[in-house]
Amino acid sequence: MKVTGLNIHPLKSGRAVPQTAVTVNLDGLAGDRRFMVVEPDGQFITQRELQALAQVEATHIDGGLHLKMNDNEISVRFDPESRVDVRVWSSDVNAALADDDANETLSAWFGRPVKLVHMDEEAERFVGAEWAGTAAPVGFADGFPVLITTTGSLADLNRTLVEKGQEPVGMERFRTNILVDCDEPWAEDLWESLEIAGIAFDLVKPCARCIMTTQDQTTGERIGGNPIQGLAEKRMSADRRVPGVLFGWNAVPRGEGIVRIADEARVVSRRTERWPMKIRSAG
């Protein structure tokens, strides 16, 4: 098996930026989900509530971020002394805050008051101790440092969608970090640890999918095939700890280094049992 896709998402819920090589740190891929749009009170915002985030292209610049949305562009730099407490799910993070002009500009773009924050070197967040053994450092990702998916599982999902009379979907719908070329559908359910470029990635928790998978990752529109309906056929979790439909696995890197396209991905250890799924009754 080999790595066939690498992506970072500099702005949480913004467009993916494909990479040919990535630096892996203990808190995830360098540059992945280090910036985030929040409500005025600091609550995080994603495409679930603000579909237009899919239209935003984000590029790292020295000391900040360059954002482009349609014909609008802005470069934002952050003063580490200007900070604000923000919330991502159950995590509270003290992040660097963009200046008033930048926040007003972005509020105009989205037609609602928002702020832009940066998880800089002073910010910290740790999650997932109950799954990873110890709490893992992470940026603004929903739950874990890295998301791993496979080509075989997407192919199987798309077969189901076509059988249901729907359009197939691309992997961009699932906002993966590392895509592994594997012909066997759902083989990753049995991967306990994967080694890539000498780095061990522990697959600690299956990823429950939400309405964002139904959204075009260029426009934010809810169009085309509906992955949730396809996954409901045979990927509905039967374990209450992770409810809903599942696609991909959340992973924790146990080392640091560089991963490149075409690197070999080797299963180091396997689970003895698959994650339990509900069986959908016919008719």
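Residues numbered from 1 in each chain as written. Predicted model: local features only at pLDDT ≥ 70, side-chain atom pairs only at ≥ 80, totals over all residues. Heavy atoms only, no water.

Describing the domain arrangement of the protein chain
Once the domains are mapped, the protein chain shows domain 1 (1–25 + 126–268) and domain 2 (33–123). Spacing between the C-alpha centres of domain 1 and domain 2 amounts to 24 Å. In this assembly, 27 residues from domain 1 lie in contact with 29 residues from domain 2. The contact between domain 1 and domain 2 buries some 2,400 Å² in all, and 54% of this surface belongs to carbon and sulfur atoms. Here domain 1 is connected to domain 2 by two salt bridges. The shortest N-O distance in the salt bridge between Arg48 and Asp142 comes to 2.6 Å. (Domains from an automatic or database assignment. Contact = heavy atoms within 4.5 Å. Buried area = accessible area lost by both parts, 1.4 Å probe. Salt bridge = Lys/Arg side-chain N within 4 Å of Asp/Glu carboxyl O.)

Remarks on the nonpolar core
Membership of the largest hydrophobic core comes to 32 residues, with the highest contact counts inside it found for Ile148, Ile178, Trp191, Leu194, Ile196, Phe201 and Val259. Core analysis: the second largest hydrophobic core is formed by 23 residues, Ala58, Met69, Ile74 and Ala102 among them. (Core = buried A, V, L, I, M, F, W, Y, C linked by side-chain atoms within 4.5 Å. Buried < 20%, exposed > 50% of the residue type's maximum accessible area, 1.4 Å probe, protein only.)

Side note on the packing of aromatic side chains
Tallying each qualifying case throughout the model produces six aromatic pairs. Residues Phe35 and Phe78 carry aromatic rings whose centres are separated by 5.6 Å and whose planes lie at 45° to one another, so their mutual orientation is tilted. Of this pair, Phe35 sits in strand β5 (residues 35–38) while Phe78 sits in the loop between β8 (72–77) and β9 (83–88); the two residues are 43 residues apart in sequence, bridging distant segments of the chain. You can call Phe78 buried: its relative accessible area is 11%. (Phe/Tyr/Trp six-rings, centres within 6.5 Å; stacked < 30°, edge-to-face > 60°. Helix = DSSP H or I, 4+ residues; strand = E, 2+ residues; numbered from the N terminus.)

Re a negative patch on the surface
Among the surface-exposed residues, Asp99, Asp100, Asp101 and Glu104 lie close enough to one another that they form a single negatively charged patch. For Glu104, the location among the structural elements is in helix α1 (residues 100–110). Its relative accessible area of 55% is what places Glu104 among the exposed residues. (Patch = residues over 30% accessible without salt bridge, like charges linked within 9 Å, V, L, I, M, F, W, Y side chains within 5 Å. Areas by Shrake-Rupley, 256 points an atom, 1.4 Å probe, with all protein chains shown as cover. Lys, Arg positive; Asp, Glu negative; His and termini not counted. Charge placed at Lys NZ, Arg CZ, Asp CG, Glu CD.)

Brief notes about the sheet that holds β5
Where strands meet in a sheet, backbone hydrogen bonds hold them as pairs that are either parallel or antiparallel. The strand order across the open sheet built from four strands is β5-β11-β10-β9, with neighbouring strands paired in antiparallel fashion. Of all the strands in the sheet, the pair left with one neighbour each is β5 and β9. Between one strand axis and the next, the sheet turns by 50° as a mean value, whatever way the strands run. Two strands pair when backbone bridges link them, and β9 and strand β10 (residues 91–97) are joined in this way by six bridges, in the antiparallel orientation. Pairing of Asp85 across the sheet is with Asn94, part of β10. (Pairing = 2+ DSSP bridges. Axes fitted to C-alpha atoms, helices over the stretch in contact; angles between N-to-C directions.)

Overview of the pairing of β10
Among the seven residues in β10, five count as buried, and that is most of the element. Between β9 and β10, which follow one another and run antiparallel, lie two residues, and Trp89 among them has a positive phi close to 50°. Note: β10 against strand β11 (residues 115–118), two bridges, orientation antiparallel. Note that in β11 the partner of Leu97 across the bridge is Val117.

Here we look at the pattern of salt bridges
Opposite charge on two side chains permits them to pair, given that their charged atoms come into close proximity. Under the counting rule described, the total for this entry stands at 18 salt bridges. When the shortest N-O distance is used, the salt bridge between Asp120 and Arg83 registers 2.9 Å. Taken as a pair, Asp120 in the loop between β11 and β12 (126–127) and Arg83 in strand β9 lie far apart in primary sequence, 37 residues in all. In this structure, Arg241 engages Asp239 in a salt bridge whose closest nitrogen and oxygen atoms are separated by 2.8 Å. A relative accessible area of 52% places Arg241 in the exposed class.

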